[in-house]
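# Coordinate analysis (summary)
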Amino acid sequence: MQHIRPIDSDKFSHDRVALVLLTPAFAPWLLNDDFATTAVNRIYGKALDTHEASGKQQVDTVVAVVDKLPTPEPISDAAAIEGAVRSRMRSPPVTDIGHEGLAYTTLRRSDIEYRESENRFDEKAASVAFITSTGSAQDVICTDAIRLPLANTIFQTGQRHTMYAATWEQNGASERLRMVKKAQLEELTVKLRRNKGVTQHSALSVPLIPLTAPRAVEPGMGNIIRCVYDSDGKSLPASQELEKVVPEYFKARNEPPQPVSVWALVMPKDMVDAVNRSINELFPSISASDAASSAWEKLWSSNPPVWIDLVSQAIARGARLHRVLSGGGGWGKKAGLLSLEPLSDELITPLIEGHGYEPMELSSALQQVVNEGDSIQFFASPPAGIPGDMSDSKMSALHEHVAQKSSPWTWELGTTPSTVDQYAPSSWQTEGTADLRVYPFFNVFGALTESDMVITRSVEEAASKALDKVDATKVTVPFSRFCSVDVSERSGEGWELPDDVRSPAE
């Protein structure tokens, strides 16, 4: 849990906005204006007292409630930073269910955009989107965004989602900041600007294990898949191979048959060869029990599971991930059908509004799950044991590590299992102990969602700014994580925070 610390006068600027993320346990504080006023004055009071300026002093804040906060993973070795970030693609945090608390930073006003709610009782899903990178090549501009839905706070605040922007003013040096404006928000976009002299490394990890090889698929209607083609080009019911390998998967893992979450990776034809090469290169490196008779069985029986970056690499090149909702069995025309979870246009419309796409055109493009020439590959999400919350001693050790070693600025975004799911470990955060333990972590900011993390890439022409292409996928796999590290390195003096972000200093 991050706690509130004052902002130094040399870090105060009128062109910055304080961004605060809270978890639901702290959401009731947002409705208490006295608490909010005390907190803002605690953070900015010292800076305003020493800041030389005439007239009114103004502070802007944006506050949102998210499901959980991620556990930071400090990086202290400058020479190995790129490898450390990339290694996370094959080392997903499958035991990090997140923490209660608050996180805050200050950003440039120009890097925060938001849309106010038209109705305070509006039931539309509210979200925060992080624009992670913008690059240009061959006269096109690619923009990546990661969208996280906010937490459901109906039982904490009486509202489905809680997010607002507020303006505070100080009329004189002796006066306290007081709130003069407050607006409920529906959408928030945060631009993670890459400044000159700042190196950025990012990675996406999705903990899935392949069940099948990629198969050419026949387009169906909407989100229904009717048939696939095997390696010999023979048409098969879409669920036939999947129905065969799932029992083999449990047998290889020496587990009794049980419900299993299955995902389908839909990829264009030109991506299939690269995916097959990745799988073939993986097999020889797997060590498993002698009882495993095939390469696939060795992969499935590996303990701990062998996490690969196949899915994250495919998503980066335009593949789409869908949860398998239902299918298999049946008879007649319905035999062997599979139903995949579609990507609703309302999930990404806020990210690309104003770019020239007609609503009908956008909706049609997103609802058709499989296109002509696509292939499909199935994956499972096995439980990696029962994830446990970090113990008090581990949290204390992590806090000491972060406090003693400087580290680069890190953004951590991802998914965590729902609190109503099977993962409900007990810990010092969930047992309701009398002692309140507070651990501050520096140079890290982010959030975890119990819902759907949506990754969107839009491509537009640099000259005309016209939107040319939109790739979007919904990642619902628990413990998926996107990490982005921004580094400004001073020769011989360690890490320096980029100018566009600020983290409280001890």
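Structure shown above.
Right, let's walk through the structure included here.

Here the focus is the nonpolar core. Formed by 82 residues in total, the largest nonpolar core has its most connected members in Leu 211 and Leu 265. By residue number, the principal contributor to this core is strand β15 (residues 262–267), which donates six residues. The contact partners of Leu 265, leaving out residues within four places of it in the chain, are Leu 310, Val 311, Ala 314, Ala 319, Arg 320, Leu 321, Ser 375, Ile 376, Gln 377 and Phe 379. Residues Ala 36, Tyr 44, Val 59 and Tyr 164 belong to the second largest nonpolar core, which totals 21 residues.

It is worth spelling out helix α5 (residues 272–282) at this point. Buried residues of α5: Val 272, Val 275, Ile 279 and Leu 282, and no others. The buried side chains of α5 occupy one side of the element, clustering within an arc of 95° when seen end-on. Structural note: α5 exposes Asp 273, Asn 280 and Glu 281 on the side pointing more than 90 degrees away from its buried face. Elements that come into contact with the buried residues of α5 comprise β15, α6 (295–301), α7 (310–316) and β18 (375–380).

To continue, consider empty space enclosed by the protein. Enumeration over the complete set of coordinates arrives at seven cavities of 30 Å³ or more. Forming the walls of the largest cavity are 18 residues, and the residues nearest its centre are Val 20, Ala 36, Ala 39, Val 40 and Val 63. The set of elements that each furnish at least two residues to the lining of the largest cavity consists of β1 (16–22), α1 (33–50), β2 (57–65), β3 (102–108) and β7 (163–170). In terms of residues, the lining of the largest cavity owes the most to one element, α1, which gives six residues.

This paragraph deals with the side chain of Ser 375. Considering the arrangement of structural elements, one finds Ser 375 in strand β18. Once you skip the residues sitting within four places of it in the chain, Ser 375 turns out to touch Arg 215, Ala 216, Val 217, Leu 265, Val 266, Met 267 and Val 272.

For the rest of this paragraph, the subject is the pattern of salt bridges. Under the defined criterion, the tally for this structure stands at ten salt bridges. One salt bridge connects Arg 481 with Glu 412, and the closest N-O pair in it is separated by 3.3 Å. Taken together, the positions of Arg 481 in strand β23 (residues 481–490) and Glu 412 in strand β19 (residues 409–415) put the pair 69 residues apart, joining distant regions of the chain. Exposure remark for Arg 481: the relative accessible area of 5% places this residue in the buried category. Within the structure, one salt-bridge network assembled from shared partners comprises Asp 96, Glu 412 and Arg 481.

Below, the discussion takes up the packing of aromatic side chains. Applying the stated rule across the entire model yields six aromatic pairs. Ring centres of Phe 130 and Trp 411 lie 6.2 Å apart, and the angle between their planes is 55°; on these two criteria the pair is classed as tilted. Here Trp 411 lies in strand β19 and Phe 130 lies in strand β5 (residues 127–137), a separation of 281 residues in the sequence. Grouping residues by exposure puts Phe 130 and Trp 411 together as buried. With a centroid separation of 5.8 Å and an interplanar angle of 80°, the aromatic rings of Trp 411 and Phe 445 are classed as edge-to-face. Taken together, the residues span a long stretch of sequence, with Trp 411 in strand β19 and Phe 445 in strand β20 (residues 444–449) at a distance of 34 residues. Among the aromatic residues, those joined into a ring-pair cluster are Tyr 249, Phe 250, Phe 283, Trp 296 and Trp 300. The ring of Tyr 164 has Lys 182 lying over it, and the distance from NZ or CZ to the ring centre is 4.3 Å.

What follows is about the environment of Glu 248. One can find Glu 248 in helix α4 (residues 240–252). Glu 248 sits in the partly exposed class, given a relative accessible area of 32%. Here the alpha-carbon distance between Glu 248 and Trp 300, two residues 52 residues apart in the chain, equals 9.0 Å.

Glancing now at the pairing of β2. Within β2, eight of the nine residues are buried, which leaves the element mostly enclosed by the surrounding structure. Where β1 meets β2, six bridges bridge the pair, whose relative direction is parallel. Note that in β2 the partner of Ala 18 across the bridge is Thr 61. Where β2 lies against β7, eight bridges are found, and the strand directions are antiparallel. Its bridge partner being in β7, Val 62 is matched across the sheet by Ala 165.

Cut-offs used in this document
Residues numbered from 1 in each chain as written. Predicted model: local features only at pLDDT ≥ 70, side-chain atom pairs only at ≥ 80, totals over all residues. Heavy atoms only, no water. Core = buried A, V, L, I, M, F, W, Y, C linked by side-chain atoms within 4.5 Å. Buried < 20%, exposed > 50% of the residue type's maximum accessible area, 1.4 Å probe, protein only. Helix = DSSP H or I, 4+ residues; strand = E, 2+ residues; numbered from the N terminus. Contact = heavy atoms within 4.5 Å. Arc of directions from axis to C-beta. 1 Å grid on protein atoms, 1.4 Å probe; cavity = no way out; pocket = protein on both sides within 12 Å on 5 of 7 lines; lining within 4 Å. Points joined across faces, edges and corners; volume = space filled by probe spheres on them. Salt bridge = Lys/Arg side-chain N within 4 Å of Asp/Glu carboxyl O. Phe/Tyr/Trp six-rings, centres within 6.5 Å; stacked < 30°, edge-to-face > 60°. Lys NZ or Arg CZ within 6 Å of the ring centre and 35° of its normal. Pairing = 2+ DSSP bridges.

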